[in-house]
Amino acid sequence: PVQKGVTEEIISPVKVAVLRGKVRDRRGRALAGVRVTIRGNSVFGYTLSRADGMFDMVVNGGSRLTVDYQKDGFISLQRSLVPVMQDYNIVEDVMMTELSSKSTVINFENSSLSQTATGEVVSDRDGRRQAAVIFPSGVKAHAITADGSETQLSSGTLRITEFTYGPYGPSAMPGILPATSGYTYAVSLLFDEAEAINASGVVFDKPVPFYVDNFLKFPTGITVPTGYYDRNKGR
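The shown structure was predicted, so the numbers you read here are calculated from the model rather than taken from an experiment.

1. Quick word on the layout of surface pockets
Okay, so step 1: In this structure, the second largest pocket spans a volume of roughly 380 Å³.
Okay, so step 2: When residues in the lining of the second largest pocket are grouped by element, the largest group, three residues, is from strand β17 (residues 155–162).

The following block contains the structure:
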């Protein structure tokens, strides 16, 4: 079967719905082998995108579901929708972003100096920019595991990957923006060591500043709203 691991008799003949979508990489090429699941609903099993990037998945419709896309070497993303029962439902096309090959190892033990990690230089019609994260001296880091406990990191390999470059940036966003937010700039900040244990995030005992060039030419001194996407909550 193209959809595996489905709990027996979980699909309701009344509520049945088919999700159909396509996955591409940032060059616009079809991306095969992407694992597609429904967040928080393992009863529906999983499917894989085909050679043409397309996938089909049978679920129960009528309530909001979050489609989760994962592939090694790429940053996972999600899309939410309320499938119409007894019908085919088109999930918007998505583009998965490769994890940056540039990395910086941050030492969280015996560090008496501040440390800086920078991302790749990005340039498009909006301008040229480079993200930077500055870790103050002596800062400690803990990865938050699935059960809510904390694991101290002695060091961390940080990768900074921007989503919002080029004409296809909106399709590459990690999730759907709230109605009150405008599409501007989004970046992934991931430690390899935290991802290896499937951590939900990393917390620090001191503020860790993030900087990016003002490529959008915002007036100096204005308040810039910030937010983050929570993969576990799907929002």
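2. Digging into the side chain of T66
Okay, so step 1: By the element assignment, T66 lies in strand β6 (residues 65–70).
Okay, so step 2: Within the structure, the side chain of T66 is placed 2.9 Å from the side chain of S80, a separation counted as a polar contact.
Okay, so step 3: Setting aside residues up to four positions removed in sequence, T66 forms contacts with T37, I38, R39, Q78, R79 and S80.

3. Considerations on the nonpolar core
Looking at soluble globular proteins, one finds that nonpolar side chains tend to be buried together.
Okay, so step 1: Of all hydrophobic cores here, the largest spans 20 residues; its most connected members are V23, I38, V59, Y69 and M96.
Okay, so step 2: When contributions to this core are tallied by element, the ones reaching two or more residues are β2 (16–25), β3 (35–38), β5 (54–60), β6, β7 (77–81) and β9 (94–96).
Okay, so step 3: I106, V139, A141 and L153 belong to the second largest nonpolar core, which has 15 residues in total.

4. Points about the pattern of salt bridges
Okay, so step 1: In this structure the tally under the stated criterion is nine salt bridges.
Okay, so step 2: Between D56 and R50 there is a salt bridge, and its shortest N-O distance comes to 3.0 Å.
Okay, so step 3: Residues R231 and E195 are paired through a salt bridge, measuring 3.2 Å at the closest nitrogen-oxygen approach. You can see R231 sitting in the segment after β20 (210–212) and its partner E195 sitting in helix α2 (residues 192–196), a full 36 residues away along the chain.
Okay, so step 4: For E195, a relative accessible area of 33% corresponds to the partly exposed category.
Okay, so step 5: Linked by salt bridges that have partners in common, R20, R50 and D56 make up one network.

Analysis parameters
Residues numbered from 1 in each chain as written. Predicted model: local features only at pLDDT ≥ 70, side-chain atom pairs only at ≥ 80, totals over all residues. Heavy atoms only, no water. 1 Å grid on protein atoms, 1.4 Å probe; cavity = no way out; pocket = protein on both sides within 12 Å on 5 of 7 lines; lining within 4 Å. Points joined across faces, edges and corners; volume = space filled by probe spheres on them. Helix = DSSP H or I, 4+ residues; strand = E, 2+ residues; numbered from the N terminus. Polar contact = N/O pair within 3.5 Å; in protein donor to acceptor, adjacent residues only side chain to side chain. Contact = heavy atoms within 4.5 Å. Core = buried A, V, L, I, M, F, W, Y, C linked by side-chain atoms within 4.5 Å. Buried < 20%, exposed > 50% of the residue type's maximum accessible area, 1.4 Å probe, protein only. Salt bridge = Lys/Arg side-chain N within 4 Å of Asp/Glu carboxyl O.

That's the geometry; what it means functionally is another story.
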